[in-house]
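Commentary on secondary and tertiary structure
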Amino acid sequence: MTPTPDITAPFIERLKTLYADMDAAYRTAADHYGFHCRGCVDNCCLTRFFHHTHLEYRYLREGFCALPGALRAEIRARARRVRQETAVAEKEGTAIRIMCPLNERERCRLYDYRPMICRLHGIAHEVHPPGRPAFRSPGCAAFSLQAAGRDDFRFDRTPFYRAMAMLENELKRAAGITAKLKMTVADMIATFEDRPS
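Before going into details, it helps to say that this report is about the structure given with it. In this text the structure is predicted, and so the values were computed from the model without any measurement. (Residues numbered from 1 in each chain as written. Predicted model: local features only at pLDDT ≥ 70, side-chain atom pairs only at ≥ 80, totals over all residues. Heavy atoms only, no water.)

Observations regarding the nonpolar core
The line we're drawing: What we call a nonpolar core is a set of buried Ala, Val, Leu, Ile, Met, Phe, Trp, Tyr and Cys residues that are connected through their side-chain atoms within 4.5 Å. The cut-offs for exposure are 20% and 50% of the maximum accessible area for each residue type, with area from a 1.4 Å probe on protein chains only; residues under the lower value are buried, those over the upper are exposed, and the others partly exposed. Each helix corresponds to a stretch of at least 4 residues labelled H or I by DSSP, and each strand to a stretch of at least 2 residues labelled E; elements are numbered beginning at the N terminus. We call two residues contacting when some pair of their heavy atoms lies within 4.5 Å.
Of all hydrophobic cores here, the largest spans 26 residues; its most connected members are Met-22, Phe-35, Ile-123 and Phe-143. Of all elements in the fold, only α1 (9–33), α2 (54–65), α4 (116–120), α5 (141–146) and α6 (158–175) reach the threshold of two or more residues within this core. Ranked by the residues each element gives to this core, the list is headed by α1, at 10 residues. For Phe-35, the residues in contact, after removing those within four places along its chain, are Tyr-26, Ala-30, Ile-123, Cys-140, Ala-142, Phe-143 and Gln-146.

Put into structure tokens, the structure is as follows:
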């Protein structure tokens, strides 16, 4: 039987290029401000992000499946715990911040595969949404402390958002996907099998 061609592969290659562009732009802005993320009490890995795409899901799954089996099992167990504790907090109506299941000793186990929101978080930036006024975000608390007194640097996330949206839409058309993805990293890990399909 002839194997089904992987339609995701060319999109993953383009995603890697986009991620490299993001990382370079982020580094330039971080260097300008003298900002170096060393972890903090307001750690972004404690934030419950849903801003992911089907393409990022598939790339994260690729990285996960390349990990040793014992480590995959550990991460799955952490993801189950995160999801359970989050479900209890939601039911009780209480706020909760739980460390991402990929974070171990202040390090991401899938750092090279991390989604866009993880790559761009922290630094003051601007966004120019279509048909709406541009807005500026001040960055995280650690950034504000380290960057105090520095000249402003124009870090515009808009081109990266547009490029990601275009890639995602192309993948969805090619794969016949109609639904949006609304999952946290813990939710994604819960669905990963040992071999990407």
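Resuming the write-up.
Regarding the layout of surface pockets
Put simply, the test is: Within this scheme a cavity is a closed region of a 1 Å grid, computed over the protein atoms alone, that accommodates a 1.4 Å probe without allowing it to escape, whereas a pocket is open but has protein on both sides within 12 Å along at least five of seven lines; lining residues each have an atom within 4 Å of a point. Grid points are joined across faces, edges and corners, and a volume is the space filled by probe spheres set on the points. In this classification, the charged set is Asp, Glu, Lys and Arg, the nonpolar set is Ala, Val, Leu, Ile, Met, Phe, Trp, Tyr, Cys and Pro, and all remaining amino acids, among them Gly, are polar.
What the largest pocket holds in volume is close to 1,200 Å³. Looking at the largest pocket, it is lined by 50 residues, and the ones nearest its centre are Asn-43, Cys-44, Cys-45, Arg-114 and Cys-118. Among the secondary structure elements, those contributing two or more residues to the lining of the largest pocket are α1, α3 (69–92), β2 (107–108), α4, α5 and α7 (185–191). When grouped by side-chain class, the residues that make up the lining of the largest pocket number 25 nonpolar, 11 polar and 14 charged. Roughly 720 Å³ of internal volume is contained in the second largest pocket. Lining the second largest pocket are 24 residues, and of these His-52, Thr-53, Met-116, Ala-165 and Lys-180 sit closest to its centre. Listed by contribution, the elements that provide at least two residues to the lining of the second largest pocket are α2, α4 and α6. Broken down by class, the residue content of the lining of the second largest pocket amounts to 11 nonpolar, 7 polar and 6 charged.

Some thoughts on α3
Our working definition: Helix span, expected: 1.5 Å multiplied by one less than the number of residues in the helix.
An ideal rise of 1.5 Å per residue puts 34 Å on 24 residues; α3 measures up with 35 Å between its terminal C-alpha atoms. For α3, the set of buried residues is Leu-71, Arg-72, Ile-75, Arg-78, Ala-79, Val-82, Thr-86 and Ala-89. Downstream of α3 by one or two residues, Gly-93 has phi in the positive range, about 75 degrees.

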